Amino acid sequence: MKFRSKLYRSAQFFKTLTTITRHTIVRGIVLCVLLTSAGWTVSAAASSIANNCRALPHLLPVRAPNDPWGHTSPIDTFAIEKLSFQWGALRFDNLSALISVEFSEKSKFFELKECRIKKLSFSGNSPLQRIALENLTATARVSWNGEDNRLTVEACEIHLPPSGIIRGRGALPIGRQGGFLHVDGSDLPMGATLARLFDLAEDFSVNAPTGMKLELTMPTSDQLKFAGTVKVSAGRFQDPSFAYAAENLAVSLDMKGSWDLAHDTGNVEGHLRLTTGEMLADKMYLDFTETPLNLEMNLLFDGLTKLSVSNLSILLEPIWSVRCKGSIADLPDLSGLDFVCISPPHSVGTAWNKWIKDPFGEVYPALQGMQLDGRWRSQASLEGSLAEPEVRGSFRLEDVSFFHPDYLADPVTINCDFPFWFAPISVAPSKDPRDGRKGLVQLDNIKLPWLNTDSLTMVFEAPKNGWKLLNDVTLPIGKDQLKINRLELNNAWLPDRSGLLVILANGLGLRPILEYLWEIKPDAALTSPKLTFRLDKNRLECLDTIDMEVLSGDLRVENLLIDRPLAPGRVISLSAFWQDVDLRELTHLTDFGEITGRLKGQVNDLQISYGTPVAFDLLLESVPQPGVAQRISLVALENLTALGGGESPFMGLAGGVIGTFFKDFSYQKIGIRCILQNDFFTIRGLIEEDATEYLVKRGLTGVNVINQQTNNRISWNDMIRRLERINRTAEQDDPPRQGEGK
């Protein structure tokens, strides 16, 4: 009889537990608590426990500490040891618990005296599977009244290391209205949970002390209403390089909604505020005290399969805002996106300063002087999945004035409707029957001294991941024309981007442009009938030879390459060849001193990085021509000698008595080779006689310039300092000459 009594009580316990867990609301409440503690919306929790939870009591490895076969005391305590099981979407690993049971005629009391869970995680394909809570402990006391089918949670505490606590209490009359549940939490350590949710690297530090409150009520037996608040105080994060970091973040999230337990549908309204703290994202900085972030949302759930968004508004005042509406057809995978997003008009100047000028002004100094005013707005549609969205839309500028004091006399007016179409790598290769959207860029009030027009119109099309110019754009420069015949960019958002630019400019005079940019006025013209530039990933290459007439001679540029053309450390490489260049015209562009004659030469493997040469092999040779005098001024003679590391017999006397009688000297030949490699500069003479190396060889009269240090290797910086000394001397001796750059 005693054994039968113990067995009967054990059966009653399992029967009661099975009855409780059959009800959807109980399963919903359990997951509500877990999801809310993880910072997730309660509405999504109400019915996410799978149907197999009914079998849970039959899986428990239960034993009585006191052997029921040999003792007469009733079974009132059960131990669960190292249990691992799957309960719907939840995975419990290594759960141990001690449960005591008390029975009376009307009520049954269950007390969870000690429960330890090594790991609590989610399964499935949704981002929830990244969440895992470890080393949880819990205590609870629950009563069950069999007469009125009422479950009462008298007290419940869940401890999350190191100091987080979730407390709950409530009552649930099964099958009737009037149920409620109050949950609150404090010091919840949500940093690790958020790091897993967003799949951050292990060395990405996140600290988000979180507090929460949740109120659930049951107006009817199949309807659940909830309202809650989640707050993060003094939140911070940081990556190892400190490129992405934030501190003192104060975030609050208020939510309310309801859930239909019979049909698994619900709605959620939420409002998120971020009002204090600072954040650095690469080069972009935000102070949320000055630019608070507000987010409002209205969501409708159709089970956990489809989500409809009637309103999603994001406001980062006063810089930017966007409003979205649409749906997600497959909520677990966050796929089946169908959204429309509209950003209303905002100030161009505010956005320009915050997103472009402030973060990139030091890297690109030209941005510092740019001034923009006017309005901008955009609209876009989103399809595909949240992980790989496909975005189509346009970016608009409305009566925007653009001004730069170094290049423009008056502001240029810009109006544009610029289309874009982004598709992820997995979607991009597929053919798409949809045409790219067309747009227009209109520039007015262009007042440049070298451009003989005050307006330009460009018509663009945006095929998938690219842009294409649909019209020829003609730029009248002086008496000539430069025509952009073809311009396209493919896979703009992808690593294997490519592009093509074709320019028609045969006979284009370059003097107006050179005079505007550098205040020099050489006679120069582009003689190549066509120039084709190809972009391949991060390399821009000129496919044609660039031929020019310059300084009465001919110049040919070959193998022009630019690596990473948009980066500050772009590397420009080329080789150039010239002949019959008028030395008098060339030296008059500088303060080096006058030299007359004709020059031929070449530079091989010239490389320029950060605007400074890093390698070249330069050859310069004079070429005698009938009727052309070959003479070198005293100033040029001194400067050539200084570059070679020597000293001329007239050094420092160009402005004195010697300069009065000897202004220039004849020469027979100039031959110089300069090499820059590995930051070392070498200058050699190409004329050798009797073991003597000459930079300049005189004729019957004149002065020789001898390279007295044939093994002379100096750093490139030392050579730059020599050139600067030459320039300073020229500025002191003479007024500024034509040829000084801006």
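As a starting point, this report considers the structure included with it. A quick note: this is a predicted structure, and the numbers were derived from the prediction, not measured.

Quick word on the overall build of the protein
- Secondary structure summary: the protein contains nine helices and 44 strands in total.
- In the protein, which comprises 742 residues, the share counted as buried stands at 42%.
- Looking at the protein alone, contacts between residues at least 24 apart form 51% of all its contacts between residues at least 6 apart.
- Summed over its atoms, the accessible surface of the protein is roughly 38,600 Å², and 54% of this surface lies on carbon and sulfur atoms.

Considerations on unusual backbone geometry
- In this chain, Glu-317 is followed by Pro-318 through a cis amide linkage whose omega measures 0°.
- Here Pro-318 shows up in the loop between strand 16 (306-316) and strand 17 (320-330).
- Notably, Asp-264 is not glycine yet its phi reads approximately 55°, a positive angle.
- Mapped onto the fold, Asp-264 is located in the loop between strand 12 (244-260) and strand 13 (265-281).
- Given a relative accessible area of 28%, Asp-264 falls into the partly exposed group.
- Although it is not a glycine, Leu-551 sits at a positive phi angle of roughly 55°.
- Residue placement: Leu-551 occurs in the loop between strand 32 (546-550) and strand 33 (553-563).

Overview of the packing of aromatic side chains
- Within this structure, the stated rule accounts for nine aromatic pairs.
- Ring-pair connections join several aromatic residues into one group, and the members of that group are Phe-418, Phe-422, Phe-460, Trp-467 and Trp-493.
- When the ring centre of Trp-421 is taken as origin, the NZ or CZ atom of Arg-392, which lies over that ring, is 4.1 Å away.

Quick notes on the nonpolar core
- By size, the foremost hydrophobic cluster in this structure holds 84 residues, and its most contacted members are Leu-443, Leu-482, Ile-546, Trp-578, Phe-616, Ile-632 and Phe-681.
- When residues in this core are grouped by element, the largest group, five residues, is from helix 7 (residues 634-643).
- Beyond its immediate sequence surroundings of up to four residues, Leu-482 is in contact with Val-473, Thr-474, Leu-475, Ile-477, Ile-503, Leu-504, Ala-505 and Leu-508.
- Membership of the second largest hydrophobic core comes to 55 residues, among which are Ile-166, Leu-214, Leu-261 and Val-268.

Quick word on the environment of Gly-601
- Within the fold, Gly-601 resides in strand 35 (residues 598-609).
- When neighbours within four sequence positions are excluded, Gly-601 is seen to be in contact with Ala-576, Phe-577, Trp-578 and Leu-619.

Details of the pairing of strand 34 (residues 571-582)
- Sheet topology note: the strand 33/strand 34 ladder contains eight bridges and is antiparallel. Paired with Asp-554 across the strands is Gln-579, a residue of strand 34.
- Sheet analysis places strand 34 next to strand 35, joined by nine bridges and oriented antiparallel. Following the sheet pairing, Leu-574 is matched in strand 35 by Leu-606.

Calculation criteria
- Throughout, a residue's number is its position along its own chain's written sequence, starting from 1.
- Given that this is a predicted model, residues contribute local features only at a pLDDT of at least 70 and side-chain atom pairs are listed and counted only at 80 or more, while totals for whole chains, interfaces and linings are drawn from all residues.
- Calculation of side-chain values draws on the structure's entire complement of heavy atoms; hydrogens and water are dropped beforehand.
- Runs of H or I in DSSP of at least four residues are treated as helices and runs of E of at least two as strands, each being numbered from the N terminus.
- Relative accessible area decides the class of each residue, using a 1.4 Å probe on protein chains only: under 20% of the type maximum gives buried, over 50% gives exposed, and in between gives partly exposed.
- Contacts are residue-level and defined by heavy atoms, with any inter-residue pair within 4.5 Å sufficient.
- Under the convention used here, a 1.4 Å probe and the Shrake-Rupley method define accessible areas, while residue burial counts only the protein chains that appear.
- Think of it this way: a Phe, Tyr or Trp ring, Trp meaning its six-membered ring, pairs with another when their centres are within 6.5 Å, and the plane angle makes it stacked under 30 degrees, edge-to-face over 60, tilted otherwise.
- Only lysine NZ and arginine CZ atoms are considered, and such an atom sits over a ring when it is within 6 Å of the ring centre and within 35 degrees of the ring normal.
- In these notes, a set of buried Ala, Val, Leu, Ile, Met, Phe, Trp, Tyr and Cys residues joined through side-chain atoms within 4.5 Å is what counts as a nonpolar core.
- Two strands are counted as paired when DSSP detects at least two bridges linking them.

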